[in-house]
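Notes for the structure review
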Amino acid sequence: MTRMCRRWIVAPLAGILLVTAASAAADDGSEAVEGTVSVGGHASDLEGTVGKAGEFGLYRESIESDLRLDLLGRSGTRNLELRLDVENEIDRNAFLRVHGPQLDVRFDHQSFRHWLDHDRLENVEFREALAGGAPGGKMATHEDLDPDGVYGIDYTDTRSHLAAQLPVPEGTDLAARFVADFRDMRRQGTKQSLGVDHCSNCHVRSHAGRVDERTRDLALGLEGEREGFAFSYRFAARDFDNLAAAGTNRYMQARHPGNGGSEDEFASRTIYENEELTFGQVPDVEKRGHTVRASADLPRSQSVRGTFSMSTVENQVTGLDLQANAAALSWFAPLSKRTRVTAGVVRRELENDPYDVDLPLWRDGRAGGGQDFDWVRESAYDRVEWIGTARLAHTLRPGQNVRLDYRFHSTDRDNVLLDPDSDKTRTTRNRLKASWSGSLARKARSRVEVTYEMTDLPFVAVGGLCEPALSDSVMPIDDSQPSDWIYYFQRERYGTGGNLPTKALRGRVQFDGSVGPKLHASAYVSASDEKNDDLNLYDFERSVLSPGVSLLFVPTEAAIFTGGAAYSRIESNAKLCATVMDG
Amino acid sequence: MDASWTRSEGSFSSIELVLPEQTVTDADYDFSQIHTYSDLDYTTLEFHASGSRQIREATSLTLGVGVIDLDDDASWVYGNLSGSVVYTRAGLETSF
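Reading guide: rules and limits
Residues numbered from 1 in each chain as written. Chains lettered and ligands numbered in written order. Predicted model: local features only at pLDDT ≥ 70, side-chain atom pairs only at ≥ 80, totals over all residues. Heavy atoms only, no water. Helix = DSSP H or I, 4+ residues; strand = E, 2+ residues; numbered from the N terminus. Rg over C-alpha atoms; globule rule 2.2 N^0.38 Å. Buried < 20%, exposed > 50% of the residue type's maximum accessible area, 1.4 Å probe, protein only. Contact = heavy atoms within 4.5 Å. Areas by Shrake-Rupley, 256 points an atom, 1.4 Å probe, with all protein chains shown as cover. Lys, Arg positive; Asp, Glu negative; His and termini not counted. Charge placed at Lys NZ, Arg CZ, Asp CG, Glu CD. Buried area = accessible area lost by both parts, 1.4 Å probe. Salt bridge = Lys/Arg side-chain N within 4 Å of Asp/Glu carboxyl O. Polar contact = N/O pair within 3.5 Å; in protein donor to acceptor, adjacent residues only side chain to side chain. Disulfide = S-S within 2.5 Å. Pairing = 2+ DSSP bridges. Core = buried A, V, L, I, M, F, W, Y, C linked by side-chain atoms within 4.5 Å. Patch = residues over 30% accessible without salt bridge, like charges linked within 9 Å, V, L, I, M, F, W, Y side chains within 5 Å. pLDDT = per-residue confidence, 0-100. Phe/Tyr/Trp six-rings, centres within 6.5 Å; stacked < 30°, edge-to-face > 60°. Lys NZ or Arg CZ within 6 Å of the ring centre and 35° of its normal.

Observations regarding the overall build of chain A
Summing up its helical and strand segments, chain A has 3 helices and 30 strands in all. For 583 residues, the compact-globule estimate of 2.2 N^0.38 gives 25 Å, and the C-alpha radius of gyration of chain A, at 31 Å, exceeds that figure by more than 25%. A burial count over chain A gives 30% of its 583 residues as buried. Partitioning the intrachain contacts of chain A with sequence separation of at least 6 by distance along the chain shows that 60% fall at a separation of at least 24. A total accessible area of about 34,500 Å² is found for chain A, and carbon and sulfur atoms account for 55% of it. Separation of charge centres in chain A, based on 70 positive and 89 negative side chains, amounts to 9 Å.

What follows is the structure, encoded as structure tokens:
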């Protein structure tokens, strides 16, 4: 969307806001305006690190003025609401609404300062010691180029909304609306940016990074309804622009980490070294999408609803596209006075452009080198999903309900291997949930839920773990190499890693009750037991136990006391294969 | 007037590491303390109060005070985040 196009859309919206705000106070018989305005000043006393205690807000020790305004207006059938809260040049809120039978206009603005963390990186500092105490080549180090940096983002979010009734032919029961929404978000400030080098990532360098991002959304839609049928169409556009220059990081000269020599050999294994390059670049992105919805009432109190949407997201730097489309259909029917059923199906498809990764020849010109590792990155996003749901709800007697839910979810990822022994790419999950809710006594309710889930081929990292020791078995590529050279690309990982279950049993019990009119208590406990015994190196297991309680006490009309506690314990396991560098 | 007190803690139990029967040359790794590296322990106290006194018909003096205090008892990679903010506000309010 061009800047000129945006101006032509925003200007009429702003004009409508002004006209309707002025006309709301027109002399039209019954009209009233009331409100409050407060002018004052504030100051803060700060101690220690304020960025977490006052994470959202700009607190200063100097005296600053502020303004608060609340205004309500009425003129005939039109109403006006205006709220302003200005604390300083950053912390501000504004809300304006003008609405009547034919028109609803809203304007909402909020802005505030959000303080960010500064990772000291002090845990990234070690170096191995060889026998005899000499320093070895395995290390991880850091440096902070902005040690006193205090980072924060000024966040601004401005939204406007317009809904206008459209004229329809007389004598029809058709109602039609035009809807427009515009949103402008801005993030400006500084953040911590980390650059990594030392061949891969064994040296971390912290920089102060600039943030200046703008996201603009525009949505235009038509809605229509008549007795028993509703229809809507919506066009949505999003532009994300990064207005800050990317930072730069110095990448070291590649050399042996222990003796500092063999520069040519180590340089032949890296794509870049001994230069300053940009890093952490955030690309501009454009998204365009269309959504169509329809719903209809059917005989015997049944209803059906459908949605279709399609969108394209384009990376403005690389030109890569992500295309998505989704279709959904759902049906609702009461089988009897006490029983109702709903069912639905969703199909989603994602397609992401592949990317050609062009690399220089590995160890070009050196003995045993010259391999071409160019490859095409096929996206893990590419997939087709099917989701089917069904629900049966039955009222046993007033205040006592049971519900049975079934969900089927199939995800077929084109480019993700899920089984080392086959080329299967489809994850299939079946979930069955039974729940009961009801009154235990006059002022006590309870709810019990049990869920069982089975998954075939959950998402895993095939060949993501563990490699065999090769120091005495690797063969040189050709006779020109010494037999004890180790080449990274000859290593083969054989372990499949994952932390998603193939079988899961989950339960939750909740209790809500009142003791007299002044005290209300809630308690719950949820538990789950999960495992995946289809991995080849270990069986993954996870169990979770989470109880909680909350109280609400209202001793008088002027006081409310609340309290609560929550506890969670998670037990799980994993396989750990420590990496060893260069043999 | 409103006040709240919140205590949040998170920690790992010691990790049971089962080593394989056969190891490759020297594998002198010590994992006995890694479960202590990510402990979290925060206590937050917040208090806000405001009041007004009418000085004329439809006009009042307002006064507000607030305290936000955070104690970080298990510093992590971000350093010690303990800090406090005490703010006061005074103003003139008119109704119409």
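Here's the deal with the overall build of chain B
In terms of helices and strands, chain B carries 0 helices and 4 strands. Sequence-ordered secondary structure for chain B, helices as α and strands as β, is β-β-β-β. Burial statistics for chain B: of 96 residues in total, 23% are counted as buried. A separation threshold of at least 6 residues defines the contact pool for chain B, and within that pool the share at least 24 residues apart is 58%. Counting every atom, chain B has about 7,100 Å² of accessible surface; 52% of that belongs to carbon and sulfur.

Considerations on the interface of chain B and chain A
Listed as interface residues are 28 residues of chain B and, on the opposing side, 38 residues of chain A. If you sort the residues of chain B by the area they bury against chain A, Tyr78(B), Arg89(B) and Phe96(B) come out on top, with a joint share of 27%. For the pair chain B and chain A, the number of links is 1 salt bridge. Residue Arg89(B) pairs with Asp66(A) through a salt bridge whose shortest N-O separation is 2.6 Å. Between chain B and chain A we count 12 residue pairs in polar contact (both at pLDDT 80 or more) in total. Put simply, the parts of the chain that give the side of chain B that touches chain A at least two residues each are strand 3 (59–72) and strand 4 (83–95) of chain B.

Examining the state of the cysteines
Residues and elements named next belong to chain A. Scanning all chains against the criterion turns up 1 disulfide over all chains. A sulfur-sulfur separation of 1.6 Å characterises the disulfide bridge that pairs Cys-466 with Cys-577. Here the disulfide of Cys-466 and Cys-577 is right-handed, its torsion about the S-S bond being about 70°. A residue pair is termed long-range when its members are at least 10 positions apart, and Cys-466 in the loop between strand 24 (461–465) and strand 25 (495–497) and Cys-577 in the segment after strand 30 (569–572) qualify at 111 residues. Among the residues examined, Cys-466 registers a relative accessible area of 8% and is labelled buried. The class of Cys-577 is partly exposed, set by a relative accessible area of 33%.

As for the pairing of strand 16 (residues 321–334) of chain A
Where a strand is regular, its side chains alternate between the two sheet faces. Residues and elements named next belong to chain A. In this sheet, strand 16 lies alongside strand 15 (residues 302–315) in antiparallel orientation, the contact comprising 12 bridges. Within strand 16, the position partnered with Phe-308 by the bridge is Ala-327. Hairpin connection between strand 15 and strand 16: a loop of 5 residues separates the two successive antiparallel strands, and Gly-319 in this loop has a positive phi of roughly 80°. Sheet topology places strand 16 next to strand 17 (residues 339–352); 13 bridges connect them, and they run antiparallel. For Trp-331, the partnering residue across the bridge sits in strand 17 and is Ala-343. Taking the residues that link successive antiparallel strands as the turn, the strand 16-strand 17 hairpin has 4 residues.

Concerning the nonpolar core
Grouped burial of nonpolar side chains is what soluble globular proteins tend to show. Grouped together as the largest cluster of nonpolar side chains are 6 residues: Val460(A), Leu465(A), Cys466(A), Leu535(A), Tyr538(A) and Phe540(A). When sequence neighbours within four positions are dropped, the list of residues in contact with Val460(A) reads Leu417(A), Leu418(A), Thr496(A), Gly497(A), Gly498(A) and Leu535(A).

Describing unusual backbone geometry
Of note in the backbone geometry, Leu121(A) takes a positive phi value of approximately 60° without being a glycine. For Leu121(A), a relative accessible area of 4% puts it in the buried group.

As for a negative patch on the surface
Taken together, Asp456(A), Asp529(A), Asp534(A), Asp539(A) and Glu541(A) make up a surface patch of like negative charges. Position of Asp539(A) relative to the elements: it lies in the loop between strand 27 (519–532) and strand 28 (540–556).

Concerning a nonpolar patch on the surface
Together, Leu576(A), Ile15(B), Leu17(B), Leu19(B), Ile34(B) and Tyr37(B) give the surface a local cluster of nonpolar side chains, amounting to about 600 Å² of exposed area. Mapped onto the elements, Ile34(B) comes out in the loop between strand 1 (2–10) and strand 2 (40–56). Take Ile34(B): its relative accessible area is 32%, and that puts it in the partly exposed class.

Points about the pattern of salt bridges
Where charged atoms from two side chains of opposite charge approach closely, those side chains can pair. Residues and elements named next belong to chain A. Scanning the entire structure with this criterion turns up 41 salt bridges over all chains. Residues Asp-241 and Arg-216 are paired through a salt bridge, measuring 3.4 Å at the closest nitrogen-oxygen approach. Of this pair, Asp-241 sits in strand 11 (residues 229–242) while Arg-216 sits in strand 10 (residues 203–226), and the two are 25 residues apart along the sequence. The exposure classification of Asp-241 matches that of Arg-216, with both residues buried. A single network of salt bridges, built from pairs that share partners, joins Arg-429, Glu-453, Arg-506, Glu-530 and Arg-542.

Some remarks on the confidence of the model for chain B
Residues at a pLDDT of 70 or more form 91% of chain B, whose mean pLDDT is 90. Complex prediction metrics read pTM 0.87 and ipTM 0.90.

What to know about the side chain of Thr411(A)
All names here are of chain A. With respect to the helices, strands and loops of the structure, Thr-411 is situated in strand 21 (residues 400–413). Within the structure, Thr-411 has its side chain in polar contact with the side chain of His-409 (distance 3.4 Å). Ignoring sequence-local partners within four residues, the contact set of Thr-411 consists of Arg-383, Val-384, Glu-385, Thr-425, Arg-426 and Thr-427.

Points about the environment of Gly136(A)
Mapped onto the elements, Gly136(A) comes out in strand 7 (residues 135–144). Aside from chain neighbours lying at most four places away, what touches Gly136(A) is Arg127(A), Glu128(A), Leu130(A) and Pro257(A).

With respect to the packing of aromatic side chains
For the structure shown, the criterion picks out 6 aromatic pairs over all chains. Ring geometry for Phe112(A) versus Tyr155(A): centroids 5.3 Å apart, planes at 50°, classification tilted. Highlighted residues: Phe112(A) in strand 5 (residues 103–115) and Tyr155(A) in strand 8 (residues 152–165), separated in sequence by 43 residues. Residue Phe112(A) is classed as partly exposed on the basis of its relative accessible area, which comes to 22%. Using a relative accessible area of 19% as the deciding quantity, one classes Tyr155(A) as buried. Between Trp76(B) and Tyr78(B) the ring centres are 5.8 Å apart and the planes differ by 75°, which places this aromatic pair in the edge-to-face class. When its relative accessible area of 39% is taken as the criterion, Trp76(B) is described as partly exposed. By way of ring pairs, the aromatic residues Phe56(A), Phe112(A) and Tyr155(A) are connected into one cluster. Across from the ring centre of Phe266(A), 5.0 Å away, lies the NZ or CZ of Arg269(A), which sits over that ring.

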